[in-house]
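Each chain, letter by letter, is given below.
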Amino acid sequence: MSDTTYGTLLDRPRDEALGAFEIRFVPLDFVVHWRRCGLTADYLGAAMAYAFERREAAAAVLSTVINELVENAVKFSDDKRTEARVSVVHDGDVLCVEAVNLTDAKRAGELHAFAREFEHADPEAMFLERVARTTRPGESASGIGLLVLKKDYDATIGIRVRPVEGGRSEVTVQAVLTSEQVEAR
């Protein structure tokens with residue numbers, strides 16, 4: 001299987017960025033101490049918020065977006081000892097948050113199914129349907145966080161699944177917000 005991309009992934013040169021951070025982490029550390037997801041998101045959000053006039057609003061939005069992508073990278077990494085990463089890049093016009101992790105074939109297949117639906121569905125309707133699933137035994141409701149980013153923050157979401165060795169896939173999830181969207185809340 002070849003690379004599959006859903007939505008839009010930005011590929012902007014970092015040498016044109018006004019600000020950029022990247023953190024590499026071992027998902028197991030975050031599983032053992034789940035609060036590290038929020039701490040990482042709060043740190044990156046607060047650090048990047050200095051690029052905005054409405055710093056508190058920007059920090060809150062950025063922390064929420066970053067936290068969602070970090071938590072997904074942790075939850076869906078198949079080998080919790082294999083490094084994952086999150087990056088935040090601001091180039092003045094847009095801010096891009098991206099998480100990259102490795103996953104197994106089963107989870108990659110589930111992500112393909114979710115992403116195909118996510119790409120074309122009404123975010124509000126899909127969100128309500130996913131929330132309803134949480135009350136049914138054995139039903140999966142993953143993806144709620146990405147739906148919230150799309151419906152509540154109007155983030156542009158891109159997902160890429162790229163096969164790598166051993167039947168695994170590298171998953172890239174990207175959320176892009178304009179500078180105005182970052183400060184809007």
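Everything discussed here concerns the structure shown above.
One structure accompanies this document, and this report is about it. (Residues numbered from 1 in each chain as written. Predicted model: local features only at pLDDT ≥ 70, side-chain atom pairs only at ≥ 80, totals over all residues. Heavy atoms only, no water.)

1. Considering the side chain of Thr172
Right, so step 1: Residue position: Thr172 is located in strand β6 (residues 169–178).
Right, so step 2: Excluding anything up to four places from it in sequence, Thr172 contacts Leu9, Glu98, Ala99, Val100, Gly158, Ile159 and Arg160. (Helix = DSSP H or I, 4+ residues; strand = E, 2+ residues; numbered from the N terminus. Contact = heavy atoms within 4.5 Å.)

2. Side note on the sheet that holds strand β3 (residues 84–90)
Right, so step 1: An order of β1-β5-β6-β4-β3-β2 is seen for the six strands of this open sheet, with the pairing classed as antiparallel. At either margin of the open sheet sits one strand with a lone partner, and together these are β1 (4–7) and β2 (19–25). Recorded for the sheet is a direction-independent mean angle of 10° between the axes of neighbouring strands.
Right, so step 2: In this sheet, strand β4 (residues 94–103) lies alongside β3 in antiparallel orientation, the contact comprising six bridges. For Val86, the partnering residue across the bridge sits in β4 and is Ala99. (Pairing = 2+ DSSP bridges. Axes fitted to C-alpha atoms, helices over the stretch in contact; angles between N-to-C directions.)

3. Quick word on the pairing of β4
Right, so step 1: When you tally the buried positions in β4, you get 10 out of 10 residues, the bulk of the element.
Right, so step 2: Residues Val94, Cys96, Glu98, Val100 and Leu102 of β4 are buried on one face, and the alternating residues Leu95, Val97, Ala99, Asn101 and Thr103, pointing to the opposite face, are buried as well.
Right, so step 3: Counting the residues in the hairpin turn of β3 and β4 gives three residues, including Gly92, whose phi is positive at 105°. (Buried < 20%, exposed > 50% of the residue type's maximum accessible area, 1.4 Å probe, protein only.)

4. Notes on the environment of Tyr43
Right, so step 1: By secondary structure assignment, the location of Tyr43 is in helix α2 (residues 35–49).
Right, so step 2: As a C-alpha pair, Tyr43 and Phe30 span 13 residues in sequence and 15 Å in three-dimensional space.

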